[in-house]
Amino acid sequence: MPQDDEGAAQAPPRHRPPYRRLRVYAFDPSFETELENAVINQVVLKVPWEWNIPPDPGEPRGHGGELQKGPVGEYIEVIDCDPASGCFYAPVDLNDPHLLAQDGLAPSQGNPQFHQQMVYAVVMTTIRNFERALGRLALWSPYYIENRQGRWKAEFVRRLRIYPHALRQANAYYSPQKKALLFGYFPATGSDSARQFPNGTVFTCLSHDVIVHEATHALLDGLHRRFIEPTNPDSLAFHEAISDIAALFQHFSFPEVLRHQIARTQGDLARQNLLGELAHEFGRATGVRGALRSAIGTVDKSTGRWQPHDPTPGEYRREPVPHHRGAHLVAAVFDAFLAIYKTRIADLLRIATGGTGKLPDGQLHPDLVNRLADEAAKSSRHVLNMCIRALDYCPPVDLTFGEYLRALITADHDLVRDDDRGYRIAVIEAFRRRGIFPEGVRVLSEDSLRWHSPGPSEQALLARILPEPEEFKRLMPGWDLSCDRRKVFEQIEESQKRLGKYLRKRLPEEPEAFEILGIDSTLPPEDLEVHSLRPARRIGPDGQSIVELIVEVTQRFPIYHRKGKYIPERVFEPEKGKDADLWFRGGCTILINPAPEARRVRYAIVKSIKNTARYNRQVEYQDKSGGSLRATYFGVSRRTEDTEAFAMLHRDQPQEAYDE
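These numbers were taken from a predicted model, which means no experiment stands behind them.

Topic: the overall build of the protein chain
Along the protein chain, the regular secondary structure elements total 19 helices and 20 strands. Counting the 660 residues in the protein chain, one finds 57% classified as buried. At a minimum sequence separation of 6, the contacts of the protein chain that also span at least 24 residues come to 67%. Summing over all exposed atoms, the protein chain offers an accessible surface of approximately 29,600 Å²; the carbon and sulfur share of this is 50%.

Structure, rendered in structure tokens:
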């Protein structure tokens, strides 16, 4: 043992722990008074230990370093202000030795400090799930500030703000304008009196599912800012679906919960269970008999009995409400998970049943429960990672469910070429059963669904308009999980400007390249932008490491609402000073292997701005949606809640919108 100069033994060096253990509700407080489920409703999350947090400019000295009271860390800032009562609740100090010694505060509906602890722990866990899948740091969507020259500049947003008690209403939403999550609280008014305390207060910030759902909205907006634009019936539904998928599969990361539900269902997760349902307390308190939404079934309003979903091909296309429409995508992904899980446990069931495959009545052996739970956890992680990684393989604008299916298949094939367990087949089959197909695909097979690489002539053309390998090295952000997020953001902004300037210079010399990128040579050069530039780092099951640069090139032209019709600027002369009522956008997502010796452009995922049929569909969709949708996204002041896209989606929905 080392000794000091006087011969006394020195203490060994102390290291910061990798995780901070914090207690949260696995579901919501309503299960605390149910004898069967209370034992699994409190779980401990291992949240990454935050330290060496750099202060932002203008913050008081000493604000950086360790996690601050609030909590305030690198990614999020919890501000517990209740505007309705004018009350500020004292912030929790998660560095308090007493809290560190007992895994944080005990779950409690009546303790605002626990509310702060829960939103912090759950949001940080959600962020880490996305970072693991994408292989890079998470960034929030920036503010856009107009300078004196009339140009818009992106401003870095270090922290997403979280308000646990922001609203006195049955709502919770992500605000793209405020860069914040706002949670409401309200008195229960549901008819399920046997399971709901009459007039008891329901806090949406204590629902694990609601928190993950809203945090995913923010993460997706940081990744794809254009996906919030209502360009087709799938666009807003996709935001809702991905948020529900993240919440559902986070259930499977709780071992105690997973084992409990496996034992209760005898391993058959297609039966009614807590893992496949979302926001039970919220649903009961607002009049829904059961969970707010479910991926596997629904509760009959008249009888109160649960019944499984019976998918009907093409049914989702008749659903105009985003929650309804998104529920079909969620159900398809969950069905794929169930199929994958069943293939993984088939050998266990054969062994346990002597080859019959039918388990006897009664309780399962604990060893079998543990093995089934392990396989369910592995399957859920794989499916969730598939869903998150596919976000890098989507077109930059106007996404549809069918295109997301292609992104899922392509992203998984890139990482795992040998699909020996049939994961991708399970995904294709689940989407087929619901009639979710992409346009332009004649055969529903893995090979036809994958995005295809540009051919030799297109590769040569793209090589002439894109920078040389040495220049790409300078553009490639140094974006790993240990970098400073502000520096990464600033580097990306600079790289996007350099690449945009380079493309605007080179494209006129190669007119044919406009078609490959899905853009129009007749539009002004300033309407062309490098919308996003980000790296992707992934490691496959065979240890193969994939590093790619993802570039999104977009272009736009304005559309005006005149005399009851939408008219593009090129058709008539708009009034001076009149802002566009909406923008029609197109472009391309390019996945590039930056290594000089490799093929450079792996995929060019095009959404052409010259596609007349797509333009007509978007205009028709806007006409059917009416003026309220146009005003919400493209008009009136953005200072009121009525202009908040997700407030509109989550508030005052008809009750039937929540049944799924």
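Quick word on the nonpolar core
Side chains that are nonpolar tend, in soluble globular proteins, to be buried together. Ranked by internal contacts, the top residues of the largest apolar core, which has 144 residues, are I76, F238 and Y404. Here the element with the most residues in this core is helix α8 (residues 322-353); it accounts for 13 residues. The residues contacting I76, other than those within four sequence positions of it, are P71, Y120, V123, M124, I127, W140, R159, L160 and I162.

Comments concerning unusual backbone geometry
With omega at 0 degrees, the peptide bond leading from G70 into P71 counts as cis. Relative to the helices and strands, P71 resides in the loop between β2 (42-48) and β3 (76-78). Even without glycine at this site, Q266 takes up a positive phi of about 55 degrees. Considering the arrangement of structural elements, one finds Q266 in the loop between α6 (255-265) and β12 (277-278). Even without being glycine, D398 reaches a positive phi, approximately 55 degrees.

Some words on the pattern of salt bridges
A pair can form between side chains of opposite charge whenever their charged atoms are brought close. Tallied over the entire structure, the rule returns 35 salt bridges. R371 is the partner of E375 in a salt bridge, and the nearest nitrogen-oxygen pair spans 3.3 Å. Of this pair, E375 and R371 both sit in helix α9 (residues 366-389), 4 residues apart, which is roughly one turn of the helix. The exposure class of E375 is buried, given its relative accessible area of 7%. Residues R450 and D447 are paired through a salt bridge, measuring 3.2 Å at the closest nitrogen-oxygen approach. According to the relative accessible area criterion, D447 is partly exposed, its value standing at 47%. Overlapping salt bridges bring together R389, D412, R424, E446, D447 and R450 as one network.

What about the packing of aromatic side chains?
Scanning the model with the defined rule gives 18 aromatic pairs in all. A ring pair is formed by F238 and Y404, whose centres lie 4.8 Å apart and whose planes are at 70 degrees; its orientation type is edge-to-face. Taken together, the residues span a long stretch of sequence, with F238 in helix α5 (residues 233-250) and Y404 in helix α10 (residues 401-415) at a distance of 166 residues. Relative to F337, the ring of F334 has its centre 5.3 Å away and its plane inclined at 55 degrees; by these criteria the two rings are tilted.

Some remarks on α5
Here α5 spans 27 Å end to end across 18 residues, near enough to the 26 Å set by a 1.5 Å rise per residue. Counting buried positions over the 18 residues of α5 gives 17, a clear majority of the element.

Observations concerning the layout of surface pockets
Any space left empty among the atoms is revealed by the rolling of a water-sized probe across them. Of the volumes computed, that of the second largest pocket is approximately 1,400 Å³. Along its surface, the second largest pocket is lined by 49 residues, and N129, R132, A377, R381 and N385 are the ones closest to its centre. Looking at the lining of the second largest pocket, the elements with two or more residues in it are β2, α3 (112-134), α5, α6, α9, α10 and β16 (528-539). With 10 residues, the single largest contributor to the lining of the second largest pocket is α9.

Structural notes on the packing of helix α4 (residues 208-223) against α5
Working note: a packed helix pair is described by the angle between its axes plus the distance between those axes. Packing of α4 against α5 leaves a shortest axis separation of 8 Å and a crossing angle of 130 degrees. Regarding the angle of α4 to α5, the classification is oblique. Along this stretch, α4 crosses α5, giving a crossing that reads as right-handed. Contacts between α4 and α5 involve H208, D209, V212, H213, T216, H217, L220 and D221 from the former and F238, H239, E240, I242, S243, D244, A246, A247 and Q250 from the latter. The residue makeup of the contact of α4 with α5, split by class, is 6 nonpolar, 7 polar and 4 charged.

Observations concerning the side chain of H531
Structurally, H531 can be placed in strand β16. Judged by relative accessible area, which is 4%, H531 ranks as buried. Each residue touching H531, except ones within four places of it in the same chain, is listed here: R225, R226, Q496, E552 and T554.

Structural notes on the confidence of the model for the protein chain
For the protein chain, the average pLDDT comes to 85, and 87% of its residues sit at 70 or higher. Across residues 652-660, confidence stays below pLDDT 50; counting only partners more than four residues off in sequence or on other chains, it has 28 contacts.

Brief notes about the side chain of Q555
Relative to the assigned elements, Q555 resides in strand β17 (residues 545-562). At a separation of 2.6 Å, a polar atom in the side chain of Q555 contacts the main-chain amide nitrogen of D520. Residues contacting Q555, with those up to four places away along its chain left out, are I519, D520, L523, D527, L528, F584, R585, G586 and I609.

So, the packing of α5 against α9
Two elements in contact, α5 and α9, have axes separated by 10 Å at closest approach and are oriented at 160 degrees. If you check the angle between α5 and α9, you find them roughly antiparallel. Pair α5 / α9 crosses with left-handed handedness. Every residue of α9 that contacts α5 at I245, A246 and F249 is listed here: S380, V383, L384 and C387. Among the residues forming the contact of α5 with α9, the class breakdown is 6 nonpolar, 1 polar and no charged.

Re the environment of L139
Relative to the elements of secondary structure, L139 occurs in the loop between α3 and β6 (143-146). In sequence terms L139 and F156 are 17 residues apart; their C-alpha atoms lie 8.8 Å from each other.

So, α3
In this model α3 runs 34 Å from its N-terminal to its C-terminal C-alpha over 23 residues, within 8% of the 33 Å that 1.5 Å per residue would give. Most of α3 is tucked away, with 20 of its 23 residues classed as buried. Downstream of α3 by a residue or two, G135 has a phi angle that is positive, lying close to 75 degrees.

Topic: the pairing of strand β18 (residues 565-568)
Two strands pair when backbone bridges link them, and β17 and β18 are joined in this way by 4 bridges, in the antiparallel orientation. Paired with Y560 across the bridge in β18 is I567. Where β17 folds back on β18, the antiparallel hairpin that results is connected by 2 residues, among which K563 adopts a positive phi of roughly 55 degrees.

Cut-off values and rules
Residues numbered from 1 in each chain as written. Predicted model: local features only at pLDDT ≥ 70, side-chain atom pairs only at ≥ 80, totals over all residues. Heavy atoms only, no water. Helix = DSSP H or I, 4+ residues; strand = E, 2+ residues; numbered from the N terminus. Buried < 20%, exposed > 50% of the residue type's maximum accessible area, 1.4 Å probe, protein only. Contact = heavy atoms within 4.5 Å. Areas by Shrake-Rupley, 256 points an atom, 1.4 Å probe, with all protein chains shown as cover. Core = buried A, V, L, I, M, F, W, Y, C linked by side-chain atoms within 4.5 Å. Salt bridge = Lys/Arg side-chain N within 4 Å of Asp/Glu carboxyl O. Phe/Tyr/Trp six-rings, centres within 6.5 Å; stacked < 30°, edge-to-face > 60°. Expected span 1.5 Å × (residues − 1). 1 Å grid on protein atoms, 1.4 Å probe; cavity = no way out; pocket = protein on both sides within 12 Å on 5 of 7 lines; lining within 4 Å. Points joined across faces, edges and corners; volume = space filled by probe spheres on them. Axes fitted to C-alpha atoms, helices over the stretch in contact; angles between N-to-C directions. Parallel < 35°, antiparallel > 145°, perpendicular 65-115°, else oblique. Left-handed = near helix turned anticlockwise from the far one by under 90°. Nonpolar A, V, L, I, M, F, W, Y, C, P; charged D, E, K, R; others polar. pLDDT = per-residue confidence, 0-100. Polar contact = N/O pair within 3.5 Å; in protein donor to acceptor, adjacent residues only side chain to side chain. Pairing = 2+ DSSP bridges.

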